[in-house]
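# Notes for the structure review
Chain by chain, the residues:
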Amino acid sequence: MVIEKIYPLDAVFDTSDDVPADVLANKRYAGLDGFSIEEVAKKVEGDYGKIDILVHSLANGPEVQKPLLETSRAGSRLPIPKHCKGGGHWYSFPARGQSSTRVAHSVRPLASSELPLLSLSGYLAAASASSYSLVSLVSKFGPIMNPGGSVLSLTYIASEKVIPGYGGGMSSAKAALESDTRVLAYEAGRKYGITVNTISAGPLKSRAASAISKGEKKSFIEVGIDYCRANAPLEKDLYSDDVGSAAACLLSPFFGAVTGVTLYVDNGMHAVGMVQAKAVAQCQD
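In this report, we go over the structure that sits alongside the text. Fair warning: this is a prediction, and the values are worked out from it, not measured in the lab.

Moving on: the sheet that holds strand E5 (residues 195-201). Strand order in the open sheet formed by four strands is E1-E4-E5-E6, and the pairing between neighbours is parallel. Both edges of this open sheet fall to strand E1 (51-56) and strand E6 (262-265), since each of them pairs with a single strand only. Adjacent strand axes in the sheet meet at a mean angle of 20° when their direction is disregarded. Strand direction decides the pairing type here: strand E4 (residues 145-155) and E5, joined by six bridges, are parallel. If you follow threonine 155 over to E5, its bridge partner there is serine 200. Packing of helix H7 (residues 240-250) onto the sheet brings it into contact with E4, E5 and E6, and relative to E5 it is tilted by some 165°.

Put into structure tokens, the structure is as follows:
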């Protein structure tokens, strides 16, 4: 496969107006231009016109190592925009790009410098980067997709069943992703004539998964791999190629009538209700 072009993208920013000054000044973004979802969609359209396939393969949970009970909300309180000129009010911004909500009245007007600039983190960051980003991508890329095109994302079984250790609001974000997949399948199907599906893959030792948590002897993902290998209906290892093959099918014209689906690619582990061979505690050794 030849990768013809790579576009810088930060999927927590829908438009250029959503990017705060501190991000633009950050050295990680030095020299980059037009990395919001809307701007990248325009660049792709300018370079290639219409496209057929859009794959959402991204997530971020800053507090993924924390149990849900210890996960913060951590919305952003940003400097008051120019259009918010209310005397003596301060505003809360639950997420960049959303409308402001007046929440309290102060004794005197607060200057922008008096409001701390916080990065989105915790539960809201997980939802923003891991699920809403799909909504924004379909919204911005849908208009440049050919009828019959396909959108695909990646989810995880923690969206519907308890997976201890998969915290920080990521289980909730994946549940939202799957729900949004169904709604987007209807809305984008009617509006653009495209399919929207998601794959729920079994545990794979990717770089992102390996960072979730470290156990005494094995990491979270290593325990998950061993547990599924021992208990899944198909007693074999799961590989990234298995997920890639399923993705290729869903993105092909052969699956043109399939949309709104969560497809499990996990050797059948999602169907198992009771451990038959090996418990989690045994997999930790």
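After that view, the rundown keeps rolling.
Relative to each other, helix H2 (residues 37-48) and helix H3 (residues 122-141) sit at 35°, their axes nearing to 9 Å. Pair H2 / H3 crosses with right-handed handedness. Contact residues: H2 offers Ile37, Glu38, Val40, Ala41 and Val44, while H3 offers Ser133, Ser136, Leu137, Lys140 and Phe141. Its residues assigned to classes, the contact of H2 with H3 comprises six nonpolar, two polar and two charged.

Counting across every chain of the model gives three salt bridges. For lysine 5, the salt bridge goes to aspartate 47, with nearest N and O atoms at 2.8 Å. Of this pair, lysine 5 sits in the segment before helix H1 (21-25) while aspartate 47 sits in helix H2; the two residues are 42 residues apart in sequence, bridging distant segments of the chain. On the accessibility criterion, aspartate 47 (40% relative accessible area) is partly exposed. A salt bridge links arginine 229 to aspartate 237; the shortest N-O distance between them is 3.2 Å. Of the residues examined, aspartate 237 reaches a relative accessible area of 38% and is grouped as partly exposed.

What sets the pattern is the α-helix's 3.6 residues per turn: residues three or four places apart point alike. Between the first and last C-alpha of helix H6 (residues 220-231) there are 17 Å, a value that for 12 residues agrees with the 16 Å anticipated at 1.5 Å per step. Those residues of H6 that sit buried are Phe220, Ile221, Val223, Gly224, Tyr227, Cys228 and Asn231. The arc that holds the buried residues of H6, viewed along the axis, is 155°, so those residues lie on one side.

Reading the values: rules and limits
- All residue numbers refer to position in the chain's written sequence, counted from 1.
- Totals for whole chains, interfaces and linings use all residues, but because this is a predicted model, local features are given only for residues with pLDDT of at least 70 and pairs of side-chain atoms are given and counted only at 80 or more.
- As a rule here, side-chain values cover all heavy atoms of the structure and leave hydrogens and water aside.
- Paired strands, as defined in this entry, are two strands with at least two bridges between them according to DSSP.
- Think of it this way: any DSSP run of H or I at least four residues long counts as a helix, any run of E at least two long counts as a strand, and we number them from the N terminus.
- Only the stretch in contact is used when fitting a helix axis, every axis being a line fitted to C-alpha atoms; angles between N-to-C directions are given from 0 to 180 degrees.
- Throughout, a contact is declared for two residues whenever any of their heavy atoms are within 4.5 Å.
- Here is the rule for handedness: rotate from the far helix to the near one, and if that takes an anticlockwise turn smaller than a right angle the crossing is left-handed, while a clockwise turn gives right-handed.
- Gly falls in the polar group here, along with every residue not listed as nonpolar (Ala, Val, Leu, Ile, Met, Phe, Trp, Tyr, Cys, Pro) or charged (Asp, Glu, Lys, Arg).
- Definition used for salt bridges: Asp or Glu carboxyl oxygen within 4 Å of a side-chain nitrogen of Lys or Arg.
- Relative accessible area decides the class of each residue, using a 1.4 Å probe on protein chains only: under 20% of the type maximum gives buried, over 50% gives exposed, and in between gives partly exposed.
- Expected span of a helix, by definition, is 1.5 Å for each gap between consecutive residues, and there is one gap fewer than residues.
- The directions from the helix axis to the C-beta atoms form the arc being described.

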